[in-house]
Amino acid sequence: MKIFSAAQLKKADELTIKIQGITSTQLMERAASLVTNEIDKRLQNADIAIKIFCGIGNNGGDGLVIARQLIEKGYRVKVFVVNYSDNRSQDFLINYDRLKETTNDWPEYIKDEGDFPEIDPNDFVIDAIFGIGLNRPLEGWIGELVTYINQSKAFILAIDMPSGLFSDRVPAEKDCLISANFTLSFQTPKLVFFLPQTMDYVGDLQVLDIGLDRDFLSSEKTNYELINKHEARTLYKPRKSNSHKGNYGHALVIGGSYGKIGSVLLSTKAALRTGAGLVSTFIPKCGYNILQTALPEAMVITDKNEEKLTNIDHRMDPSVICFGMGAGKDPKTVEAFKELLQKTEKPMLIDADGLNMISENQELLEFLPKKSLLTPHPKELQRLIGDWNDDFEKIEKVQEFTQSHDLVLVLKGSHTFVFGEGHVYINNSGNPGMATAGSGDVLSGIIAGLISQQYSSLAAAILGVYLHGISGDIVAENRSYQALISGDIVENMGAAFQALFAD
Ligand SMILES: NC(=O)C1=CN([C@@H]2O[C@H](COP(=O)(O)OP(=O)(O)OC[C@H]3O[C@@H](n4cnc5c(N)ncnc54)[C@H](O)[C@@H]3O)[C@@H](O)[C@H]2O)[C@@H](O)CC1
Ligand SMILES: Nc1ncnc2c1ncn2[C@@H]1O[C@H](COP(=O)(O)OP(=O)(O)O)[C@@H](O)[C@H]1O
Ligand SMILES: [K+]
């Protein structure tokens, strides 16, 4: 699903109104009734006090329509107009009159702190103060109102966006904004819903299709895309029945050091479970018995050194090399890595200590084959490209870095971002149970397994990250977040592939 800017969404609104021959009031009615239905589905006519805080723009207009529709359904609704200016939008005014025709309990006006209403922790609060029109931080009593609503402990549903959250920048530390339990957003999600610095304000997210013009949505260009099942499925390549293991490539996994053979084992197993035709593992000698015992499907080659990698003499022509898990950063290993880079032409996947070695020896970047894949977590990224001031600057810096070195970069996190060819793909699968040792090693094996089957670096990264998350979701459903361990993610790859095509 494409992620658009506020300006693009406004353009989509205007175009839709023109092409569909409707008024903006009708579009607002359509959008709001989808919200009302979602609320009704969840509240099931429960006798709960619903308090709707409406701004005086179109987000506030949405709030007024939702209020009218909920009242018509028999809910107990109180509307508060957050009267920060006299500059009311036309659709606000139209719907204000309509609301007054529906109920005798007219909206109350909030003009300063003295007007703040009581909010009970059991109330259901709807935040329709600001949406994508926010253009400056909430100041004075409006900021205080937002803090007051947050402190009420009531359940907060935000319409389109939590009020105070900008669609195109990160709030300053002193800024006040709604911290929603749930956000119902219109047509497409906003980038800030997925950034580490802003995602917590959104709570659970649902995006409602309000029927904006299809042609515009499909032709309008954007660098950001959210990856769900639909997007992942289109990348999947079916296997031919008339095929053999030679058709699915040979992945070579290189890494490990004394005490860290498990990481390579996890990557190797993941490459096999993802469908690579052959998988070999190159490790220090101490890992030989471990690998051969735990994973008879893999072939094993060892370094001359017992405890670390010193000379990676693999004598193969693998489809892809996945390097770095548990490798350590011994100077001899760095030297061996450099030689490996110099003699490898196909794109490589570099993870973990491989990344750290590059960070500490930036000249290695020059030897990276084009289209190679780096899979850092935020700390590894920081070592690689230096610090950033906020998440938007981080994205910009990573875009510059990947484009200048012709790389694909997988920035791991609760929403993993895949950067490639100037675009950013934001993963929407996975769960906090995956914050556990070795889940990154599993990911690198999955991606290598896909590259080995002739997926491009970028497609392998996007699909691999999605499958990794889905596998984790399946495990968590059966086992809880806490009990999830990274080996489970590997074991459930079969279910993850199946889930790609389940409805
Ligand atoms: N036809 C449409 O345009 C539709 C719009 N929709 C709703 O409209 C919203 C956007 O509406 P608007 O563009 O009216 O904008 P908002 O309702 O988000 O904000 C209203 C106005 O407040 C002012 N403002 C911004 N920051 C402020 C601040 N810190 N303090 C005081 N005033 C401030 C701005 O001038 C802004 O235009 C969307 O988020 C969505 O909820 C939906 O009804 C769908 C259809
Ligand atoms: N809260 C979370 N939600 C979704 N995925 C997560 C979460 N925390 C971690 N993950 C995923 O788990 C993996 C962790 O990788 P990494 O930090 O390299 O761990 P390790 O070094 O232990 O292998 C990444 O793919 C990341 O996206
Ligand atoms: K809002």
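What you are looking at is a predicted structure, and each value in this text was computed from that prediction instead of being measured. Each chain carries its own residue numbering, running from 1 in the direction its sequence is written. By the order in which they are written, chains take letters starting at A while ligands take numbers starting at 1. Residue-level local features of this predicted model are given only where pLDDT is at least 70; pairs of side-chain atoms are given and counted only at 80 or more, and the full residue set underlies all totals for whole chains, interfaces and linings.

Participant: Explanation requested: the overall build of the chain in the structure shown.
Facilitator: When helices and strands are tallied, the chain shows 17 helices and 18 strands. Any residue pair is listed as a contact if its two C-beta atoms, each placed from the backbone, are within 7 Å. A sequence separation of at least 24 residues applies to 74% of the contacts in the chain between residues at least 6 apart. Under the DSSP-based scheme used, a helix requires at least four consecutive residues in state H or I and a strand at least two consecutive residues in state E, with every element numbered from the N terminus.

Participant: Please explain the site of ligand 2 as it appears in this structure.
Facilitator: Only the C-beta atom, placed from the backbone, is used; a residue is near a molecule or strand if that atom lies within 6 Å of it. The local shell around ligand 2 holds 17 residues, among which Ser414, Gly430, Pro432, Ala435 and Gly440 are the closest. Broken down by element, the shell around ligand 2 gets its largest block of residues, four residues, from helix α14 (residues 439–452). Ten residues, namely Ala, Val, Leu, Ile, Met, Phe, Trp, Tyr, Cys and Pro, are considered nonpolar, four, namely Asp, Glu, Lys and Arg, are considered charged, and the remaining ones, Gly among them, are considered polar. Looking at the shell around ligand 2, its residues break down into five nonpolar, ten polar and two charged.

Participant: Would you mind showing me how to read the pairing of strand β9 (residues 224–227) here?
Facilitator: We treat two strands as partners when DSSP finds at least two bridges between them. Bridge count for strand β1 (residues 2–3) against β9 is two bridges, and the pairing is antiparallel. Along β9, the bridge assignment pairs lysine 2 with glutamate 225. Alignment of β9 against strand β18 (residues 423–427), held across four bridges, turns out to be parallel. Its bridge partner lying in β18, leucine 226 is registered against isoleucine 426.

Participant: How should I be thinking about helix α13 (residues 391–405) in this particular structure?
Facilitator: Side chains that are three or four residues apart share a direction in an α-helix, a result of its 3.6 residues per turn. Taking 1.5 Å of rise per residue, the 15 residues of α13 would be expected to cover 21 Å, and the 21 Å separating its terminal C-alpha atoms lies within 8% of that figure. A residue is called partly exposed when the number of other C-beta atoms within 10 Å of its own lies between 12 and 20, exposed at 12 or fewer, and buried at 20 or more, with C-beta atoms placed from the backbone. When α13 is considered as a whole, its buried residues turn out to be Lys394, Val398 and Thr402. Along the axis of α13, the buried positions cluster into a sector of 55°, meaning they face one direction only. Of the exposed residues in α13, the ones pointing more than 90 degrees away from its buried face are Glu393, Glu396, Glu400 and Ser404. Those residues of α13 that are buried are in contact with α12 (378–385), β16 (408–411) and β17 (417–420). Expected helix span is taken as 1.5 Å per residue step, with the number of steps being one fewer than the number of residues. Here, the arc refers to the directions that run from the helix axis to the C-beta atoms.

Participant: Help me understand the site of ligand 1 in this model?
Facilitator: Residues in contact with ligand 1 amount to 26 residues; listed here are only the nearest, Gly57, Asn58, Asn59, Gly131 and Gly133. When contributions to the shell around ligand 1 are tallied by element, the ones reaching two or more residues are α2 (24–43) and α3 (58–72). Each residue belonging to the shell around ligand 1 can be placed in one class, and the counts come to twelve nonpolar, ten polar and four charged.

Participant: Before we go on, may I ask you to explain unusual backbone geometry in this structure?
Facilitator: Peptide bonds are mostly trans, and most non-glycine residues show a negative phi. Of note in this structure, glutamine 454 is not a glycine but carries a positive phi near 70°. Tracing the chain through its elements places glutamine 454 in the loop between α14 and α15 (457–479). For serine 480, which is not a glycine, the phi torsion comes out positive at approximately 85°. As for its position among the elements, serine 480 is in the loop between α15 and α16 (486–491). Here serine 480 falls in the exposed class, since 10 other C-beta atoms lie within 10 Å of it.

Participant: How do you make sense of the packing of α15 against helix α17 (residues 493–500) when you look at a structure like this?
Facilitator: The description of two packed helices rests on the angle between their axes and on the distance between the axes. Between α15 and α17, the least distance of the axes is 8 Å, while the angle of their chain directions is 110°. One way to sum up the angle between α15 and α17 is to call them roughly perpendicular. Of the residues in α17, those touching α15 at Leu467, Ile470, Ser471 and Ile474 are Met493, Ala495, Ala496, Phe497 and Ala499. Its residues assigned to classes, the contact of α15 with α17 comprises eight nonpolar, one polar and no charged. Axes here mean lines fitted to C-alpha atoms, for a helix over just the part in contact, with angles spanning 0 to 180 degrees between N-to-C directions. The labels follow the angle: roughly parallel below 35 degrees, roughly antiparallel above 145, roughly perpendicular from 65 to 115, and oblique for the rest.

Participant: What am I meant to see in the packing of α3 against helix α4 (residues 90–102) here?
Facilitator: Packing of α3 against α4 leaves a shortest axis separation of 8 Å and a crossing angle of 20°. By the angle class used here, α3 and α4 are roughly parallel. For the pair α3 and α4, the sense of crossing is left-handed. For the pair formed by α3 and α4, the contact residues are Asn58, Gly60, Gly61, Leu64, Val65, Ala67, Arg68, Ile71 and Glu72 on the first element and Asp91, Phe92, Asn95, Tyr96, Arg98, Leu99 and Thr102 on the second. For the contact of α3 with α4, the residue count by class is seven nonpolar, five polar and four charged. Working rule for handedness: look at the near helix, and if it is turned counterclockwise from the far one by less than a right angle, call the crossing left-handed; if clockwise, right-handed.

Participant: What should I look at first to understand the domain arrangement of the chain in this one?
Facilitator: Accessible area lost upon the coming together of the parts serves often as the stated size of an interface. For the domain bounds, the source is a domain assignment made automatically or taken from a database. On domain assignment, one finds that the chain holds domain 1 (13–216) and domain 2 (232–500). Using C-alpha coordinates to define each centre, domain 1 is positioned 42 Å away from domain 2. Each partner contributes residues to the interface: domain 1 has six residues there, and domain 2 has six residues. Residues that form the side of domain 1 that touches domain 2 fall into these classes: four nonpolar, one polar and one charged.

Participant: How should the sheet that holds strand β2 (residues 49–54) be read in this particular structure?
Facilitator: Backbone-to-backbone hydrogen bonds join strands into a sheet, with any given pair of strands oriented parallel or antiparallel. The seven strands lie next to each other as β4-β3-β2-β5-β6-β7-β8, forming an open sheet whose pairing is parallel. Among the strands making up the open sheet, the edge pair consists of β4 (108–110) and β8 (204–208). Strand-to-strand twist in this sheet, taken as the mean axis angle between neighbours without regard to direction, amounts to 20°. Relative to strand β3 (residues 76–82), β2 runs parallel, the two sharing six bridges. Looking at β3, one finds that cysteine 54 is bridged to valine 81.

Participant: Explain the environment of aspartate 204 here, please?
Facilitator: Mapped onto the elements, aspartate 204 comes out in strand β8. The spatial distance from the C-alpha of aspartate 204 to the C-alpha of glycine 487 is 28 Å, given a sequence separation of 283 residues.

Participant: Could you clarify how one ought to interpret the UniProt feature "domain: YjeF C-terminal" (unreviewed entry) in the chain in this entry?
Facilitator: As recorded in UniProt, the feature "domain: YjeF C-terminal" (unreviewed entry) lies at residues 228–500. Between the first and last C-alpha atoms of residues 228–500 the distance is 10 Å; the span itself is 45% helix and 14% strand. UniProt positions are given in the numbering used here, feature names are shortened, and annotations may be inferred rather than shown by experiment.

Participant: Help me out: how do you make sense of the pairing of strand β11 (residues 278–283) in this one?
Facilitator: Along a regular strand, successive side chains alternate from one face of the sheet to the other. Within β11, six of the six residues are buried, which leaves the element mostly enclosed by the surrounding structure. Burial of the side chains of β11 extends over both faces: Leu278, Ser280 and Phe282 are buried on one face and Val279, Thr281 and Ile283 on the other. The sheet contact formed by strand β10 (residues 250–254) and β11 spans five bridges and is parallel. Along β11, the bridge assignment pairs valine 253 with threonine 281. Where β11 meets strand β12 (residues 299–302), four bridges bridge the pair, whose relative direction is parallel. Of the residues in β12, the one forming a bridge with phenylalanine 282 is isoleucine 301.

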